[in-house]
Amino acid sequence: MKIVRAKDYQELSRKAANVIFAQVVYKPDSVLGLATGSSPIGTYQELVERHRQGDLDFSEVVSVNLDEYRGLPASDPQSYDHFMREHLFGLVNIKPENTYLPNGVAADPNAECARYDALIESLGGVDLQLLGCGRNGHIGFNEPADCFSKGTQLVDLTESTIEANKRFFASADEVPRQAFSMGIRTILHARRILTVISGEDKAQAVRDGLFGPITPQVPLSALQLHPNAIVIVDDAAFHLCVQR
Ligand code: GLP
């Protein structure tokens with residue numbers, strides 16, 4: 001695992017976009033694993049800008065998103081499907097039929113998890129997985145647990161995640177209590193992983209996840225096992241790791 005420092009969110013976003021840019025230039029038909037949340041928004045803005053300048057072509061790119069809230073249809077403005085269209089898919093030339101997310105309103109959750117895993121496999125796996133990280137060290141919606149999750153799962157969100165994510169909803173009551181999420185094993189199977197972590201509220205997760213023991217209690221720590229993982233951390237998120 002390689003840790004790259006950035007002074008602030010802007011620099012972090014630029015550096016992350018550089019990695020994705022290089023991936024797509026080297027392999028125009030890359031399968032990108034994509035993430036939501038506030039962390040990757042700046043990265044997506046950078047990518048959109050490079051696309052507008054004519055330097056980045058998404059016409060052959062395929063994307064699979066990490067997760068989706070259970071109970072929200074794609075049309076819901078709080079769904080991750082909607083988020084992706086607003087921040088990336090609607091702004092670049094990726095083909096809508098090449099973008100995949102778990103179906104939040106699937107009638108049979110187990111069948112949906114199996115379908116999503118089979119889909120990722122049929123695409124040949126993920127070339128580059130983009131990740132953010134929750135305050136409690138969760139990645140995707142893999143919450144702290146007693147063992148690392150495997151494939152796509154239906155997950156119960158913790159109070160801390162509901163609390164952290166309520167800023168996107170009218171109130172905490174409206175935050176769905178469950179979500180579909182790629183598992184840790186799925187994430188680690190990606191050929192490359194790029195994680196962006198910004199802000200003081202992630203400092204504890206950074207210290208525990210990047211420098212502490214590898215444990216399912218801090219899902220981020222699983223990335224230490226990956227041979228091709230880059231984690232870009234801004235100064236605010238790194239501040240507990242700086243030796244004084
Ligand atoms: C959600 C998403 C994660 C994301 C996390 C952090 O829980 N499922 O993929 O990394 O939020 O979000 P933010 O980047 O807004 O802090």
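These remarks concern the structure in this document. These numbers were taken from a predicted model, which means no experiment stands behind them.

Details of helix 3 (residues 80-87)
Among all positions in helix 3, only Tyr80, Asp81, Phe83, Met84 and His87 are buried. Relative to the axis of helix 3, the buried residues are bounded by an arc of 160° and lie together on one face. As for helix 3, its buried residues are in contact with strand 2 (31-34), helix 2 (41-52), strand 3 (62-65), strand 4 (67-69) and helix 5 (159-165).

Describing the nonpolar core
Judged by nonpolar contacts, the single largest core of 37 residues is most densely connected at Ile20, Leu34, Tyr44, Leu47, Tyr69 and Leu88. Breaking this core down by element, the ones donating at least two residues are strand 1 (2-6), helix 1 (9-26), strand 2, helix 2, helix 3, strand 6 (128-131) and strand 9 (192-197). Sorting elements by how many residues they give to this core places helix 1 first, with five residues. Each residue touching Tyr69, except ones within four places of it in the same chain, is listed here: Gln78, Tyr80, Gly104, Phe141, Leu157, Asn165, Phe169, Val175, Pro176, Gln178 and Ala179.

Considerations on the pattern of salt bridges
In total, this model carries eleven salt bridges according to the counting rule given. Notably, a salt bridge pairs Asp235 with Arg5, separated by 3.1 Å at the nearest N-O pair. Here Asp235 is found in helix 8 (residues 235-238), whereas its partner Arg5 is found in strand 1, with 230 residues between them in sequence. Here Arg5 falls in the partly exposed class, since its relative accessible area comes to 36%. When the shortest N-O distance is used, the salt bridge between Arg191 and Asp127 registers 2.9 Å. Residue Arg191 is found in the loop between helix 6 (184-189) and strand 9, and its partner Asp127 is found in the loop between helix 4 (109-122) and strand 6; the two are separated by 64 residues along the sequence. Several salt bridges converge on common partners, so that one network encompasses Lys27, Asp29, Asp127 and Arg191.

Quick notes on the site of the ligand
Contacts to the ligand come from 14 residues, most closely from Ser38, Ser39, Asp67, His138 and Lys202. Within the side chain of Asp67, one N or O atom sits 2.7 Å away from a nitrogen atom of the ligand. When the free accessible area of the ligand is taken as 390 Å², the share hidden by the protein chains comes to 96%. Of all the cavities here, the one that holds the ligand is the largest pocket.

Thoughts on the sheet that holds strand 1
Spatially, the seven strands line up as an open sheet ordered 1-10-9-6-2-3-5, and their pairing is parallel. Two strands close off the open sheet at either side, each with one partner strand: strand 1 and strand 5 (99-100). Sheet analysis places strand 3 next to strand 5, joined by two bridges and oriented parallel. Residue pairing across strands places Ser63 opposite Thr99, the latter belonging to strand 5. Along the sheet, helix 7 (residues 203-211) contacts strand 1, strand 9 and strand 10 (229-234); its crossing angle with strand 10, the most-contacted strand, is approximately 155°.

Conventions adopted
- Residues numbered from 1 in each chain as written.
- Predicted model: local features only at pLDDT ≥ 70, side-chain atom pairs only at ≥ 80, totals over all residues.
- Heavy atoms only, no water.
- Buried < 20%, exposed > 50% of the residue type's maximum accessible area, 1.4 Å probe, protein only.
- Helix = DSSP H or I, 4+ residues; strand = E, 2+ residues; numbered from the N terminus.
- Arc of directions from axis to C-beta.
- Contact = heavy atoms within 4.5 Å.
- Core = buried A, V, L, I, M, F, W, Y, C linked by side-chain atoms within 4.5 Å.
- Salt bridge = Lys/Arg side-chain N within 4 Å of Asp/Glu carboxyl O.
- Near = heavy atom within 4 Å.
- Polar contact = N/O pair within 3.5 Å; in protein donor to acceptor, adjacent residues only side chain to side chain.
- Areas by Shrake-Rupley, 256 points an atom, 1.4 Å probe, with all protein chains shown as cover.
- 1 Å grid on protein atoms, 1.4 Å probe; cavity = no way out; pocket = protein on both sides within 12 Å on 5 of 7 lines; lining within 4 Å.
- Sits in = over half its atoms within 2 Å of the grid points.
- Pairing = 2+ DSSP bridges.
- Axes fitted to C-alpha atoms, helices over the stretch in contact; angles between N-to-C directions.

Read these as layout, nothing more, since geometry by itself doesn't imply function.
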